[in-house]
Amino acid sequence: MTRREVPLEADAILRTLSEHGVDYVVIGGLAVQAHGHTRTTQDLDLVPEPSPANLAHLRSALAALGARPVGARAAEPITFDTTGVVELDTDAGGIDVLLDPPGAAPYQALRSRALELQLDAGTVAVAGLDDLIAMKQASGRPIDRSDILALTEG
């Protein structure tokens, strides 16, 4: 089933990432929500810490979630592209993995400025407002322009 057919269970995804010791920062629609703008999203976008050990933890978590490339019927080995987005369907909804999103600071800077939210799934790092806006400006999609307006209106 695809992300359009599987409701996003962000709590299940976040819990699995925590259980597997993955270091990451949430970006995208869920980060926009964390900063106070209510809108829908069909996936969880994340930037993982790019070390080989952390990416191995991420692969393990993704396997536990039944991750597969968007549209694929069965799980496949996951490889990460350093210049784009890896779009995945899982049993808990969509996940987009971005190692180097346009407009993003290097991971350590992004992580150091992230909000830390205490959720049932554990501590979740969410991109800080300035970093989130910078990534959305670089993307330039209509939904990102709309998010910027919502996030910056006083």
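The structure we're discussing is the one just above.
Here goes a summary of the coordinates provided. Computed from a prediction, not measured in an experiment: that's the story for all the values here.

### Some words on the overall build of the protein chain
Part 1: Within the protein chain, the regular secondary structure consists of six helices and seven strands.
Part 2: Element order for the protein chain, N to C, with α for helix and β for strand: α-β-α-β-α-β-β-β-α-β-β-α-α.
Part 3: Relative to a compact globule of 154 residues, whose C-alpha radius of gyration would be 15 Å, the protein chain shows 15 Å and is just as compact.
Part 4: Taken along its principal axes, the extent of the C-alpha atoms in the protein chain is 45 × 30 × 30 Å.

### Let's talk about the pattern of salt bridges
Part 1: Within the structure shown, the criterion is met by nine salt bridges.
Part 2: In this structure, Asp131 and Arg113 form a salt bridge, with 2.9 Å as the shortest nitrogen-oxygen distance. Taken together, the residues Asp131 in helix α5 (residues 129-139) and Arg113 in the loop between α4 (107-112) and β6 (115-119) connect sequence positions 18 residues apart.
Part 3: Across the salt bridge formed by Arg141 and Asp144, the nearest N and O atoms sit 2.7 Å from each other.

### Quick look at the pairing of strand β2 (residues 43-48)
Part 1: With six of six residues buried, β2 is to be regarded as a mostly interior element.
Part 2: Of the two faces of β2, the one carrying Asp43, Asp45 and Val47 and the one carrying Leu44, Leu46 and Pro48 are both buried.
Part 3: Summarising the sheet, β2 and strand β5 (residues 93-98) pair through four bridges and their orientation is parallel. When the bridges of β5 are listed, Asp45 appears paired with Asp96.

### What to know about the nonpolar core
Soluble globular proteins tend to bury their nonpolar side chains together.
Part 1: Leu17, Leu58 and Phe80 are the most contacted members of the largest nonpolar core, which has 45 residues in total.
Part 2: In terms of residue count, the dominant contributor to this core is helix α1 (residues 10-19) (five residues).
Part 3: Beyond its immediate stretch of four places on either side in the chain, Leu58 contacts Leu17, Val22, Leu46, Pro48, Phe80 and Val97.

### Examining the packing of α5 against helix α6 (residues 142-152)
For any two helices packed against each other, one specifies the inter-axial angle together with the distance between the axes.
Part 1: Orientation of α5 relative to α6, taken along the N-to-C sense of each, is 150 degrees, at an axis distance of 8 Å. Classified by the angle their axes make, α5 and α6 are roughly antiparallel. For the element pair α5 and α6, the recorded crossing hand is left-handed. Two secondary-structure elements touch here, α5 through Leu129, Leu132, Ile133, Lys136, Gln137 and Ser139 and α6 through Asp144, Asp147, Ile148, Leu151 and Thr152.
Part 2: The class makeup of the residues in the contact of α5 with α6 is five nonpolar, three polar and three charged.

### Structural notes on α5
Part 1: Restricting attention to buried positions, one finds in α5 the residues Asp131, Leu132, Ile133, Met135 and Lys136.
Part 2: Summarising the contacts, the buried residues of α5 are in contact with β1 (24-27), α2 (28-34), α4 and α6.

### Quick word on the side chain of Arg39
Part 1: If you trace the backbone, Arg39 turns up in the loop between α2 and β2.
Part 2: Here the side chain of Arg39 touches Asp147 through a polar contact of 2.8 Å, side chain to side chain.
Part 3: When near neighbours in sequence (up to four residues on either side) are disregarded, Arg39 contacts Gly28, Gly29, Val32, Gln33, Lys136, Ile143 and Asp147.

Parameters and conventions
- Residues numbered from 1 in each chain as written.
- Predicted model: local features only at pLDDT ≥ 70, side-chain atom pairs only at ≥ 80, totals over all residues.
- Heavy atoms only, no water.
- Helix = DSSP H or I, 4+ residues; strand = E, 2+ residues; numbered from the N terminus.
- Rg over C-alpha atoms; globule rule 2.2 N^0.38 Å.
- Salt bridge = Lys/Arg side-chain N within 4 Å of Asp/Glu carboxyl O.
- Buried < 20%, exposed > 50% of the residue type's maximum accessible area, 1.4 Å probe, protein only.
- Pairing = 2+ DSSP bridges.
- Core = buried A, V, L, I, M, F, W, Y, C linked by side-chain atoms within 4.5 Å.
- Contact = heavy atoms within 4.5 Å.
- Axes fitted to C-alpha atoms, helices over the stretch in contact; angles between N-to-C directions.
- Parallel < 35°, antiparallel > 145°, perpendicular 65-115°, else oblique.
- Left-handed = near helix turned anticlockwise from the far one by under 90°.
- Nonpolar A, V, L, I, M, F, W, Y, C, P; charged D, E, K, R; others polar.
- Polar contact = N/O pair within 3.5 Å; in protein donor to acceptor, adjacent residues only side chain to side chain.

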